[in-house]
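Listed below, chain by chain, are the residues.
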Amino acid sequence: MSGKKGITAVFMNGIINENPTFRLLLGMCPTLAISTAVTQGVGMGLATTFVLVFSNLVISLLRNVIPEKVRIPSFVVVIATFVTIVDLLLKAFIPSLSQSLGLYIPLIVVNCIIFARAESYAFKNPPLRALADGFGMGFGFTLAITLLSAVREVIGSGTFLGIQVMPAAYHPMAIVIRPPGGFVMLGLLLLVVNAVIKAVDKRKLAKAKEEIA
Amino acid sequence: MQRKLIVASSPHLRNEGVSTRRLMLDVVLAMLPTAVASVWFFGGSALMLLVVAILSAVAGEFFYQKHTHQKVTVSDGSAIVTGMLLAFNLPASAPWWIAMIGSLIAIILVKQMFGGLGNNFMNPALAARTIMMLSWTSLMAANVLPHAGQWLAPQTVDAVASATPLGESPASYTLWQLFSGDIPGMLGETCKLTLLAGGLYLIIRRVIDWRIPVSFLVTAFVLFWIKTGTIYSAESGSENVLYQLLSGGLILGAFFMATDYVTSPVSPLGRIIMGVGCAGMLFVIRAFNPSYPEGCSFAILFMNVLTPLIDKLTVPKPFGYVKPAGSAKEA
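Computed from a predicted model, the values in this text were never measured in an experiment.

**Student:** Before we move on, could you go through the overall build of chain A and cite the residues and values that matter?
**Tutor:** Each helix and strand in chain A was counted, giving 8 helices and 2 strands. Written out in order from the N terminus, the α and β elements of chain A read α-α-α-α-α-α-α-β-β-α. Within chain A, the proportion of its 213 residues that are buried is 42%. In chain A, once contacts between residues fewer than 6 apart in sequence are set aside, the share between residues at least 24 apart is 75%.

Okay, here's the thing in structure tokens:
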């Protein structure tokens, strides 16, 4: 399906149709662990996007050089390189974010979104398409994790980006920013997002039918 | 069918006229004295919490089932039981919205989303209580001193700091106070007199199996006896068996929570394992975890999750069952 689509379609694919979080359910570990505050969600999303874009590009460029048998170790080397770069950059320039994300930045190495795109897309497609796919998937992931962390931060701490948004009388529902709340909120968000997508698809289908008739 | 004596081969099922509705009505009936006692001890705010919790549970079930185009099963009364149990797990000082949100969590998130009555993997009221406990710890743990009889004075409630009398030492309550319910605590867990009466009623009506509460209480008795060494003495504070058995949610849990049909094992042996396991977990949490003086809800939820495994392990052997020839080698 990826053969004839334009670059924009490849990019949009990662945001809606194959959104790594909402449609493919990949990368759940950082999604659940990090999404307790919006700043962390955005930070994690952008760090992953950076790694994803460059690993996709490099793997796509090297796809004719890497032997089929050792492709997984090669992916690891490429991905780990960019994760190390992100890790050091964050430590140098945004130490507070680096501290709050902690272990989860090095853990991007084993993020299955990046592996999945390397294996199923970048290894089989030319660099420009791989780049678009990396951006699309990265932004799709960033959007999803930001949405989840916004919901969790507002309900769980009554704040957004650290600023109090709920009235003073609001008692934050603390479980939402704890691990069990993460699972529950992710499930509820999946429900809402998929219901919306379904409704939109239905409307599109009805419109198409009308045009035919 | 005029004959009273029917000769039939086993199994002897006694399910004439037994319906979910009748069972739930019996449970409500068994819980009513405790509800009255909670209003007696904690005043109008207890009544308000009970009403809000029951109404939101019923309304939540009704609107969820309407919205998802399912058969509306509000009339089976299970939502009433859930709402009532939930209110029993709230302190009298809890604001009304906690009762409402709690009931909605119990009915929609824990029960309906897993498929409705019969498919929930945890006791809805307990799961909701735990969610609220972890969310609004200060509001949920603030316990209210009882004001026996002065039940139109809800505004003058005094909150005490400890979660249950278990958190206090030395104990400042007599056995009679613990038994009659004249102690701070959640609405429905304080009055052991009405709880035991209700539990007994359910056992006699065969609504619940005696195995779970009895094995629960006996195991708890033995474990605390081993730990404290005394059955009762006024000087030992909370460090004696009777004090431990009569405080916190143990009695409420043993009769009304652990016996939930959906989330407890089916086989007789499984039910005993359930009771023993609940008591064991409760003991571990109370005795070794300083941050939670009370662990009854966690203990029961833990065993709820183990229930399918217990059921699998305790499938009764059919009469005359012979092991297949090959199985000896495999084992």
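**Student:** Can you tell me about the packing of aromatic side chains, naming the residues and giving the values?
**Tutor:** The final tally for this structure, using the stated rule, is 12 aromatic pairs over all chains. Taking 5.5 Å as the distance between ring centres and 75° as the angle between the ring planes, the aromatic pair formed by F75 of chain A and F123 of chain A counts as edge-to-face. A residue pair is termed long-range when its members are at least 10 positions apart, and F75 of chain A in helix α4 (residues 71–93) and F123 of chain A in the loop between α6 (112–120) and α7 (127–157) qualify at 48 residues. One exposure class covers both F75 of chain A and F123 of chain A, and it is buried. Note on F283 of chain B and F288 of chain B: the rings are 6.0 Å apart at their centroids and 85° apart in plane angle, and the pair reads as edge-to-face. A network of ring pairs unites the aromatic residues F11, F135 and F139 of chain A as a single cluster.

**Student:** With reference to specific residues and values, describe the packing of helix α5 (residues 124–135) of chain B against helix α13 (residues 296–313) of chain B.
**Tutor:** Packed helix pairs are specified by the crossing angle of their axes together with the interaxial distance, meaning the distance between the axes. Residue and element names in this part refer to chain B. For the pair α5 and α13, interaxial distance at closest approach is 10 Å and the crossing angle is 130°. One finds that α5 runs oblique with respect to α13. Considering the relative orientation of α5 and α13, their crossing is left-handed. Residues L126, A127, R129 and T130 of α5 form the contact with α13, whose own contacting residues are S297, F298, I300 and L301.

**Student:** Which residues make up the side chain of T34 of chain B, and what values do they have?
**Tutor:** Residue and element names in this part refer to chain B. By the secondary structure assignment, T34 is in helix α1 (residues 20–42). Judged by its relative accessible area of 1%, T34 is buried. Each residue touching T34, except ones within four places of it in the same chain, is listed here: F88, G188, T194 and L195.

**Student:** Go over the environment of R23 of chain A with me, naming the residues and quoting the values.
**Tutor:** All names here are of chain A. Along the chain, R23 falls in the loop between α1 (7–15) and α2 (28–34). Sequence-wise, R23 and L190 are 167 residues apart; in three dimensions their C-alpha atoms are separated by 8.6 Å. Residues in contact with R23, not counting those within four places in the same chain, are I16, N17, E18, N194 and I197.

**Student:** Please set out the interface of chain B and chain A residue by residue, giving values where relevant.
**Tutor:** Between chain B and chain A, the residue contacts involve 9 residues of the former and 9 residues of the latter. Summing the contributions of chain B and of chain A, the shared interface buries around 780 Å²; its carbon and sulfur component is 75%. Inspection of the chain B/chain A interface yields 0 salt bridges. Where chain B touches chain A, the interface holds 4 residue pairs in polar contact (both at pLDDT 80 or more). Those elements that place two or more of their residues in the side of chain B that touches chain A are α4 (96–111) and α5 of chain B. Of the residues contributing to the side of chain B that touches chain A, the split by class is 8 nonpolar, 1 polar and no charged.

**Student:** Account for unusual backbone geometry, with residues named and values stated.
**Tutor:** A positive phi angle is found at L25 of chain A, which is not glycine, with a value near 50°. Locating L25 of chain A in the fold gives a position in the loop between α1 and α2. For L25 of chain A, a relative accessible area of 43% puts it in the partly exposed group. A positive phi angle, near 55°, is found at H69 of chain B, a position not held by glycine. Its location among the elements puts H69 of chain B in the loop between α2 (44–67) and α3 (78–88).

Parameters and conventions
Residues numbered from 1 in each chain as written. Chains lettered and ligands numbered in written order. Predicted model: local features only at pLDDT ≥ 70, side-chain atom pairs only at ≥ 80, totals over all residues. Heavy atoms only, no water. Helix = DSSP H or I, 4+ residues; strand = E, 2+ residues; numbered from the N terminus. Buried < 20%, exposed > 50% of the residue type's maximum accessible area, 1.4 Å probe, protein only. Contact = heavy atoms within 4.5 Å. Phe/Tyr/Trp six-rings, centres within 6.5 Å; stacked < 30°, edge-to-face > 60°. Axes fitted to C-alpha atoms, helices over the stretch in contact; angles between N-to-C directions. Parallel < 35°, antiparallel > 145°, perpendicular 65-115°, else oblique. Left-handed = near helix turned anticlockwise from the far one by under 90°. Buried area = accessible area lost by both parts, 1.4 Å probe. Salt bridge = Lys/Arg side-chain N within 4 Å of Asp/Glu carboxyl O. Polar contact = N/O pair within 3.5 Å; in protein donor to acceptor, adjacent residues only side chain to side chain. Nonpolar A, V, L, I, M, F, W, Y, C, P; charged D, E, K, R; others polar.

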